[in-house]
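Observations on the three-dimensional arrangement
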Amino acid sequence: MPKLIFLWTDIAIFALFAATLIYAWHVSRSRNLRATWSRVARSAPAMCSAVVLSVFVVIGLLDSMHFQQRLPPVTGAPANAAPVYAPKVVSVLDVLLEDTAFVRPEKTYSAPLAWLQFTKESMLQEGGTPTRDFPRLRFGGRHLEDPEQEWGRDVSRRAGLGLLVGFLVALLFSGVTVLCVGQGARTEVFRQIVRGETELPLRAVLSTVFLLCLLLGVVFGLATGYHVLGTDRTGNDVLWQALKSIRTAWIIGSLTTVAMLPPALVLGISAGYFKGWIDDVIQYVYTTLTSIPGVLLIAACVLMMQVYIDTHPGLFPTAAQRADLRLFLLCMILGLTGWAGLCRLLRAEALKLRELEYVQAARAFGIPNWRIMARHLLPNVMHIVLITVVLEFSGLVLYEAVLSYLGIGVDPSMNSFGSMIEKSRFEMSRDPMIWWNLLAAFIFMLALVLAANLFADAVRDAFDPRSRMFRPRRFNLFNGKGATQSSVAVSNVSLPLDQPPETVILSMQDLDVVIDTGEAWRHAVQALALTVHRGETFALVGESGSGKSMTALALMRLLPEA
């Protein structure tokens with residue numbers, strides 16, 4: 001049985017995953033949160049981004065399960081001898097992709113899908129004459145007997161098989177979705193998905209799943225015989241390094257935001273609630289902190305951390321544990337030096353909330369200040385916290401690339417996008433240029449950051465009342481005869497001045513105004529009919545919420561067309 005290794009970041013990332021599941025359970029029990037997140041779920045860009053982010057999450061979780069493989073017993077060893085484990089720490093992702101080109105290193109550089117090494121070497125011919133030529137790779141294209149004739153057909157065959165497997169997986173996922181979603185005949189459900197008439201953007205989601213399955217099928221099909229994105233200077237697969245860098249990006253983006261929440265929440269709410277000298281002290285602290293150049297402050301903290309690690313080598317049995325501790329402490333440093341922005345936002349919101357009636361009533365009843373802040377202020381600023389956390393994620397992923405490029409980021413032995421970019425700095429200046437290392441880092445960072453930004457935009461629109469906009473959705477209502485009518489139907493309004501006074505100037509029949517509340521369609525106005533003649537005074541009277549304003553807006557055509 002292998003020996004499980006629990007790294008600091010592994011524990012933290014699974015704790016965050018468990019906290020996310022608990023929050024999802026809490027959302028399912030809260031009607032308001034469920035309605036808010038349903039607005040996110042109805043956004044096609046957000047759901048497509050969620051699919052892409054889910055793939056990154058699965059890769060990160062698989063790469064966060066570490067262990068040491070048990071070595072076979074030595075010949076002649078006693079039966080009760082202690083087990084011996086390999087010194088190298090591997091992850092579940094390493095084991096799953098063990099038979100592919102990802103974990104088959106070459107000697108040095110090789111181009112994508114190549115069967116020859118990128119650089120020349122001195123080799124001996126059959127007669128013993130030395131010559132310089134491009135040698136064959138150890139794994140890439142090694143199965144080809146005549147590479148010049150067989151390479152094209154072999155690449156096409158492997159790509160085609162991968163494409164077929166990806167298509168079948170996507171088809172299976174689509175079939176399960178059709179079976180689980182919707183009511184009635186499956187053919188009608190499928191037709192609604194194709195036409196985009198479902199409540200959730202299933203057409204966009206399934207299209208994204210199809211593209212991802214086809215792409216992953218082609219990549220893994222080619223990886224069974226070739227290095228899809230080539231190898232680096234040490235012969236390691238570039239695509240494999242990009243996959244391993246996903247975990248580093250997730251840790252930097254998530255743990256850093258968690259580390260900055262406690263000081264931002266405590267100091268921001270305290271400054272806005274107490275005001276006075278407490279507010280002045282907290283403002284002085286975060287103003288001083290923000291006046292120091294961030295890169296210099298982080299560099300000083302990282303160097304002090306590195307001195308401690310170097311002077312205590314006995315605390316880290318393996319190189320992976322040493323690199324992991326540096327990554328964990330880097331997240332803490334970034335969080336404890338980057339809380340000022342969120343603290344400023346929470347202070348401004350707390351200043352507004354402390355003047356509201358229910359907070360004043362709580363203070364008048366003698367409720368302790370800490371209880372008021374925890375029960376009345378904290379829940380009302382959580383939308384700001386959630387928006388900031390989601391928006392900060394992509395910025396921190398890019399920030400890690402900058403720090404690693406400067407040499408003050410993660411440990412050099414740990415894969416990260418910043419390390420890949422730093423290595424490609426010299427490779428891009430070579431002749432011929434080695435471009436695939438930078439391209440891999442660019443593609444993966446673009447996919448991760450773009451998906452995170454699109455999802456963050458949807459979360460901000462759903463949770464921030466100031467940025468929330470009315471987005472009409474096209475749907476049909478059915479009348480009693482089975483014919484469809486528009487959800488907002490307003491007749492033409494004309495003012496014929498040359499007609500006699502008894503002429504009708506406004507006529508309206510069967511006006512329906514329907515509002516999408518997130519959980520259901522609510523009729524603000526239903527089957528309204530009225531007629532106004534020239535010279536007639538018409539008064540629309542009703543209680544609050546009866547639909548007077550909606551009727552007036554519909555008459556003036558100020559409602560968006562549904």
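Residues numbered from 1 in each chain as written. Predicted model: local features only at pLDDT ≥ 70, side-chain atom pairs only at ≥ 80, totals over all residues. Heavy atoms only, no water.

**A look at the overall build of the protein chain**
Helix and strand content of the protein chain: 17 helices and nine strands. What you see for the protein chain is a C-alpha radius of gyration of 31 Å, clearly larger than the 24 Å of a compact globule of 562 residues, by over 25%. Counting the 562 residues in the protein chain, one finds 40% classified as buried. Residue pairs in contact within the protein chain that sit at least 24 positions apart in sequence constitute 69% of those at least 6 positions apart. Carbon and sulfur atoms make up 64% of the accessible area of the protein chain, which totals about 31,400 Å². (Helix = DSSP H or I, 4+ residues; strand = E, 2+ residues; numbered from the N terminus. Rg over C-alpha atoms; globule rule 2.2 N^0.38 Å. Buried < 20%, exposed > 50% of the residue type's maximum accessible area, 1.4 Å probe, protein only. Contact = heavy atoms within 4.5 Å. Areas by Shrake-Rupley, 256 points an atom, 1.4 Å probe, with all protein chains shown as cover.)

**Quick look at the side chain of S43**
Structurally, the position occupied by S43 is in the loop between α2 (31–41) and α3 (44–62). Apart from residues no more than four positions distant in its own chain, S43 is found in contact with P201 and A458.

**What about the sheet that holds strand β1 (residues 3–5)?**
Read across the sheet, three strands follow the order β1-β2-β3 without closing on themselves; strand pairing throughout is antiparallel. The sheet is open, and its two borders are formed by β1 and β3 (90–91), each paired with just one other strand. The sheet contact formed by strand β2 (residues 66–68) and β3 spans two bridges and is antiparallel. Directly across from H66, in β3, lies its bridge partner S91. (Pairing = 2+ DSSP bridges.)

**Focus: the environment of A527**
Mapped onto the elements of the fold, A527 is located in strand β9 (residues 521–533). In this structure the C-alpha to C-alpha distance between A527 and V92, which are 435 residues apart in sequence, comes to 61 Å. Discounting residues that sit within four places of it in the chain, A527 has contacts with D510, L511 and D512.

**Overview of helix α8 (residues 238–274)**
Under the 1.5 Å per step criterion, the end-to-end length of α8 is 54 Å for 37 residues, consistent within 8% with the ideal 54 Å. Its axis deflected by about 30° at L261, α8 carries its strongest bend there, up to four residues before the proline P262. By the criterion of burial, α8 is predominantly enclosed, with 32 of the 37 residues buried. One side-chain oxygen at the N-terminal end of α8 lies 3.0 Å from the backbone nitrogen of L239; it belongs to D237. (Expected span 1.5 Å × (residues − 1). Bend = angle between axes of the 7 residues up to and from the residue. Polar contact = N/O pair within 3.5 Å; in protein donor to acceptor, adjacent residues only side chain to side chain.)

**Brief notes about the packing of α3 against helix α7 (residues 202–223)**
Packing of α3 against α7 leaves a shortest axis separation of 9 Å and a crossing angle of 35°. Handedness of the α3/α7 crossing: right-handed. Residues A44, M47, C48, V51, V52 and V55 of α3 form the contact with α7, whose own contacting residues are A204, V205, T208, V209 and L212. Split by residue class, the contact of α3 with α7 holds 10 nonpolar, one polar and no charged. (Axes fitted to C-alpha atoms, helices over the stretch in contact; angles between N-to-C directions. Left-handed = near helix turned anticlockwise from the far one by under 90°. Nonpolar A, V, L, I, M, F, W, Y, C, P; charged D, E, K, R; others polar.)

**What to know about the packing of aromatic side chains**
Two measures describe an aromatic ring pair: the distance that separates the ring centres and the angle between the ring planes. As enumerated under the stated definition, the model contains 10 aromatic pairs in all. Members of the aromatic cluster, joined through ring pairs, are Y23, W37 and F455. The lysine or arginine in question, R354, covers the ring of Y273, its NZ or CZ lying 5.9 Å from the ring centre. (Phe/Tyr/Trp six-rings, centres within 6.5 Å; stacked < 30°, edge-to-face > 60°. Lys NZ or Arg CZ within 6 Å of the ring centre and 35° of its normal.)

**Structural notes on the pattern of salt bridges**
Enumeration over the complete set of coordinates arrives at 11 salt bridges. Residue K107 pairs with E121 through a salt bridge whose shortest N-O separation is 3.1 Å. Here K107, found in the loop between α4 (92–96) and β4 (121–124), pairs with E121, found in strand β4; they are 14 residues apart in sequence, far enough to count as distant. Ionic pairing is found between D154 and R157, a salt bridge with its closest N-O pair at 3.0 Å. Taken together, the positions of D154 and R157, both in helix α5 (residues 147–180) and three residues apart, correspond to about one turn of that helix. Among the residues examined, D154 registers a relative accessible area of 7% and is labelled buried. Taking the relative accessible area as the measure of exposure, R157 reaches 45% and is therefore partly exposed. Here the residues in one salt-bridge network are D10, R247 and D324, joined through shared partners. (Salt bridge = Lys/Arg side-chain N within 4 Å of Asp/Glu carboxyl O.)

**Some points on unusual backbone geometry**
Not every positive phi belongs to a glycine, and L113 is a case in point at roughly 60°. For L113, a relative accessible area of 19% translates into the label buried. Its identity as a non-glycine residue notwithstanding, A527 has a phi of 55°, on the positive side.

**Remarks on the confidence of the model for the protein chain**
In the predicted model, the protein chain carries a mean pLDDT of 82, and the fraction of residues at 70 or more is 91%. Considering only residues more than four positions removed or in separate chains, one finds that residues 469–499, a stretch of pLDDT under 50, has 55 contacts. (pLDDT = per-residue confidence, 0-100.)

**A short note on a nonpolar patch on the surface**
A grouping of M428, M433, W435, L439, F442, I443, L446, L450 and L454 is seen on the molecular surface, where their side chains present a nonpolar patch of about 790 Å² in accessible area. Mapping L450 onto the fold places it in helix α16 (residues 436–463). (Patch = residues over 30% accessible without salt bridge, like charges linked within 9 Å, V, L, I, M, F, W, Y side chains within 5 Å.)

**Some remarks on the packing of helix α14 (residues 369–406) against helix α15 (residues 417–427)**
The interhelical angle for the contact between α14 and α15, taken along N-to-C directions, is 45°, at an axis separation of 7 Å. Our classification of the angle between α14 and α15 gives oblique. Crossing hand, α14 versus α15: right-handed. Across from E400, A401, S404 and Y405 in α14, the residues of α15 making contact are F417, G418, S419, I421, E422 and R425. Considered class by class, the residues forming the contact of α14 with α15 number four nonpolar, three polar and three charged. (Parallel < 35°, antiparallel > 145°, perpendicular 65-115°, else oblique.)

**Regarding the environment of G230**
With respect to the helices, strands and loops of the structure, G230 is situated in the loop between α7 and α8. Apart from residues lying up to four places away in sequence, G230 is in contact with S110, A111, P112, N236, D237, V238 and W436.

**Digging into α7**
The end-to-end C-alpha distance of α7, which contains 22 residues, comes to 31 Å, matching closely the 32 Å that a straight helix rising 1.5 Å per residue would cover. Considered for burial, the residues of α7 that qualify are L202, V205, L206, T208, V209, C213, G217, V219, G221, L222 and A223. Tucked inside the fold, the buried residues of α7 contact α3, α5, α6 (186–195) and α8.

**Quick look at the side chain of E349**
Tracing the backbone shows E349 in helix α12 (residues 340–353). In contact with E349, other than residues within four places in its own chain, are N380, V381, H383 and I384.

**Focus on the environment of Q321**
Structurally, the position occupied by Q321 is in helix α11 (residues 319–337). By relative accessible area, Q321 is classed as partly exposed at 22%. Filtering out sequence-adjacent residues up to four positions away, Q321 remains in contact with I5, L7 and F316.

**With respect to the state of the cysteines**
Going through the model one piece at a time under the given rule, you end up with zero disulfides. With no disulfide of its own, C331 lies 14 Å from the sulfur of C301, the closest cysteine sulfur. Overall, the relative accessible area of 0% leaves C331 in the buried class. No disulfide involves C343; its nearest neighbouring cysteine sulfur is the one of C301, lying 18 Å away. We classify C343 as buried; its relative accessible area is 0%. (Disulfide = S-S within 2.5 Å.)

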